[in-house]
Amino acid sequence: MNHLPARLTAMTATAAAVALIVTGCSSSSGGGQSTSSKTLVVDNAFDLKTSDPARAFELTGSIVDKAIYETALTFNGSDVTKPVPQLTTYTMSDDEKTITLTLNGKHVFSSGNPVTIDDIVWSYKRVQGIAGNPSFLLSNLSTGKPFAITKTSDTTMTITDTQPNPALPTILPNPSLGVLDSKTLEGHGGTTGKDDGAESYLNATSAGSGPYQLSSYNVSSKVVFKPNPKYVGDKPAYGRVVLQNVKGPSQKIDVQGGSAQLALNLNSQQVNGLASGSIKVVKTPSANVGYLWLNQNAGVSGGLTNQPDFVKGVRHAIDYKAIQTIAGSGSTQPGGIVPSQFLGSLESDENNTTDAAAAKSDLAKYQGRSITLSYPTDAALDGVSFADMAQSVQSDLEGAGVKVKLNGLPIATLLDSFRAGKLQAGLMYWGPDFPDPSDYLTFSPGEGLGLRAGWTKDMAPEVTKAKEAAIAAQGDARAAAYQAWQKAANADGAFVPLVQAAKYAVTNGVSGVTQNAIWTVDLATIE
Amino acid sequence: MTALPAVRRRSLRLPVAWRRPAAIGGAVVLLAWIVIALLDPVIGLQGPLQRDVEVALQAPSAAHPFGTDELGRDVLARTLWGVQASLPLAVVLVAGSLVIGSLLGAVAGYLGGVVDEVIMRIADLVFAFPTIILAMVVAAALGPSLANAVVALLIVSWPNYARVMRALVLGARGQEYVVAGRLLGAGPFTSLRRDVLPNVSAPMLVLAMLDFGNQILLLAGLSFLGLGAVPPTPEWGSMVADGVEQFSSWWLATFPGLAIFSVVVAFNLIGDSLRDALDPRIAGAVQGSSL
């Protein structure tokens, strides 16, 4: 039993040798792209639902789609203030209602089909037709009316809003507006309506002109990319990219041990003291702004939060530095509600500064009175607990003589009451839909968010005037107009911008990682 | 063993059980926690709410022997103050469920019939759900606060007492002294109060003592799930929950966790000894091992 017959042993050995030679030959013939035989492993805490651009609006989905698809316009690195051409160049009409896109050189899908204007029009109409999460990108935010998308020639097309919309160019770089290979997809159930059936094909094969294409896809464990051989831009440095679903604490172990080259979801405590040797920590302020609201509706305010001197006092009582310390290194205090990396952001505002003496005198009338501060218990601002921030604000206000009752709520419950305008005060955050200050006008009196805080148009005519000026501003005047609007809002308003937490990307032995507010990281630029 | 004279067993019953090291240990730990609860305001530690974000999340040191939490509050101070929430509320919980459960159980057992059916079917209804899940549902419906958590736990805890009490009363009500009392003209409630209750109270006390640890765990569990203590109240369960969020700062969850552990073990040791002391069915075995 222990001894195989000699002849059998010899045969087995020969077979094994032949097999080795054959596989060796095939692998050497297949490994022609010697520069791209390296594998990049990226750790990410998945919120992935689909990689179909018209349906995906999750952080992980954007990382995946950014790698697979090209967009009409894009951003360079982390600068989201200036859209630059990718598949097309653009011009805006004088009335700022229409953007004209013109094909920009030759781009080719992984199938070999060239990218045409028809593909772009088809992809955009598909986003509108499916009416999935990202469909709002291609419709008017206040009226909900879809943009008109028209092919004007074989190389040009237009997108038209019913109202002036200077944000149009900054909307188009979103990976959810990635351009798909319409000819291929139409053969796999793809349409531009609700009857579209191409999602499963897109989750298995992908159909883009970007640097990578899908090699394998598992929504809960990992997504593997291989290079798109037809990609016309610079070839990516890695021949295989594994984006795997790993929770924060394990990401730290992976990147320390070198089994992952990039970890995307470590919090400030976890990155503390991590940078050493080949491990580097890239810090970028997140575009999510944590804010405090004070309800201006007399019926909800309890006679406190709608009083201008109370609001002023609260603005001065808050220890913004302490909140930044809680949020971790690299976090910042935005001057207004527009995050620091966007056009029109405000560096600082004297109304939102810590000044204990001013707070005491502003709040003198309200000593011993009490407000209820609501906050979400099951949602965090880029990993920073709202409960911690709420306790910090509580201790600041109690230091100035105002009692604070904390009211932690599940975010679904909180949003229901907040949207109904029933909460006296609270903490929430706003994540941008697209990187343009016009996305933040909802924080004006009489607008969506403003009304949640009981802030109506007639309460703050100055802010409304500044808002209208900001909408009317064009070109280079926009930044100043949006800053003026935020200054007016800070002098009066219901919202106190508190903090932008930092986002940390931890790398081990790789470079070229720049964080972007829209797609987190571009896997193709990593070297 | 069966040859031991009844008189001798009776005279040794309490002292022997209480002299066991486990009982003494439990009593000492519990006493220490009670002293801490009483002395918290005068010990002069940093206030449990005093925040200093500059020293947030520091490991244990001479200045902060248990380290600091994410807002720079002293974990030692918060752990010691935490007993002020846990101990009194556990007493309220146990006393409350003992009173409610015993009353309902005694009435059900003594009166029988429809009253028994109604009360015990309601108890069965409560038993049909896992304790913590039902408590979560109630606490979530009422909104997070320690008071609501206590209400939720009372709702899920009384049936235990009711069931035991009913069984004891069922056993006692056929006894000759009870029947004799009734024949002498006592009404049902007088009979229950005068003849039955004094004879079934010992096992109920043991049950209550053993339940203390359980109730502290349930209360901490609800707070851990965010349905009990509201920040910034120092409460062990919610402190452990905070610690789980900051996994690399081991001291956040460890010390309040140890506090829960020590109190629960102390109550269980005392409860065990009390049972040994009061339960005639196992008193012989205890006596035999300690002689």
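Residues numbered from 1 in each chain as written. Chains lettered and ligands numbered in written order. Predicted model: local features only at pLDDT ≥ 70, side-chain atom pairs only at ≥ 80, totals over all residues.

## Details of the environment of L414 of chain A
Thought 1: Position of L414 of chain A among the secondary structure elements: in helix α14 (residues 411-419).
Thought 2: Remark: the alpha-carbon pair of L414 of chain A and P339 of chain A, spanning 75 residues in sequence, is separated by 23 Å. (Helix = DSSP H or I, 4+ residues; strand = E, 2+ residues; numbered from the N terminus.)

## Thoughts on the packing of helix α3 (residues 75-111) of chain B against helix α10 (residues 251-278) of chain B
Residues and elements named next belong to chain B.
Thought 1: Between α3 and α10, whose axes approach to 10 Å, the crossing angle comes to 35 degrees. Considering only the axes of α3 and α10, their crossing is right-handed. Taking contact as the criterion, the partners of V75, T79, G82 and S86 in α3 are, on α10, W251, L252, F255, P256, A259 and V263.
Thought 2: By residue class, the composition of the contact of α3 with α10 is seven nonpolar, three polar and no charged. (Axes fitted to C-alpha atoms, helices over the stretch in contact; angles between N-to-C directions. Left-handed = near helix turned anticlockwise from the far one by under 90°. Contact = placed C-beta atoms within 7 Å. Nonpolar A, V, L, I, M, F, W, Y, C, P; charged D, E, K, R; others polar.)

## Some points on the nonpolar core
Thought 1: Ranked by internal contacts, the top residues of the largest apolar core, which has 211 residues, are Y291 and L523 of chain A together with L153 and L219 of chain B.
Thought 2: Shared between two domains, this core holds at least three residues of each, these being domain 1 (40-283 + 504-525) and domain 2 (289-500) of chain A.
Thought 3: In contact with L153 of chain B, other than residues within four places in its own chain, are L93, A135, Q215, L218 and L219 of chain B. (Core = buried A, V, L, I, M, F, W, Y, C linked by C-beta atoms within 7 Å. Buried ≥ 20, exposed ≤ 12 C-beta atoms within 10 Å, placed from the backbone. Domains from an automatic or database assignment.)

## Regarding the UniProt feature "domain: ABC transmembrane type-1" (unreviewed entry) in chain B
Thought 1: Mapped onto this numbering, the UniProt entry gives "domain: ABC transmembrane type-1" (unreviewed entry) at residues 83-271 of chain B.
Thought 2: The span residues 83-271 of chain B is 85% helical and 0% strand by assignment, and the distance between its end C-alpha atoms comes to 19 Å. (UniProt positions renumbered as here; feature names shortened; annotations may be inferred.)

## Section: the UniProt feature "domain: Solute-binding protein family" (unreviewed entry) in chain A
Thought 1: Within this structure's numbering, the places UniProt gives as "domain: Solute-binding protein family" (unreviewed entry) are residues 82-442 of chain A.
Thought 2: The span residues 82-442 of chain A is 26% helical and 22% strand by assignment, and the distance between its end C-alpha atoms comes to 22 Å.

## Thoughts on the domain arrangement of chain A
All names here are of chain A.
Thought 1: Splitting chain A by domain gives domain 1 (40-283 + 504-525) and domain 2 (289-500).
Thought 2: Using C-alpha coordinates to define each centre, domain 1 is positioned 32 Å away from domain 2.
Thought 3: Every contact between the two is made by 15 residues of domain 1 and, on the other side, 17 residues of domain 2.
Thought 4: The set of elements that each furnish at least two residues to the side of domain 1 that touches domain 2 consists of β3 (79-85) and α4 (168-171).
Thought 5: In the side of domain 1 that touches domain 2, the residues fall into eight nonpolar, five polar and two charged.

## What about the interface of chain B and chain A?
Thought 1: Tallying the contact residues gives 18 residues for chain B and 16 residues for chain A.
Thought 2: Here the side of chain B that touches chain A is built from residues that sort into ten nonpolar, four polar and four charged.

## Regarding the sheet that holds strand β1 (residues 39-44) of chain A
Residues and elements named next belong to chain A.
Thought 1: The strand order across the open sheet formed by seven strands is β8-β9-β10-β1-β11-β20-β12, and the pairing between neighbours is mixed. Only two strands of the sheet have a single partner each, and these edge strands are β8 (212-217) and β12 (279-285).
Thought 2: The pairing of β8 with strand β9 (residues 222-227) spans five bridges and is antiparallel. Along β9, the bridge assignment pairs Y212 with P227. (Pairing = 2+ DSSP bridges.)

## With respect to the packing of helix α8 (residues 188-224) of chain B against α10 of chain B
Residues and elements named next belong to chain B.
Thought 1: At a minimum axis distance of 8 Å, the contact between α8 and α10 shows a crossing angle of 170 degrees. Classed by the angle they form, the pair α8 and α10 counts as roughly antiparallel. Listed contacts from α10 to A202, L205, V206, M209, L210, F212, G213, I216, L217 and A220 of α8 are I260, V263, V264, F267, N268, I270, G271, L274, R275 and L278.
Thought 2: Within the contact of α8 with α10, the residues separate by chemical class into 16 nonpolar, three polar and one charged. (Parallel < 35°, antiparallel > 145°, perpendicular 65-115°, else oblique.)

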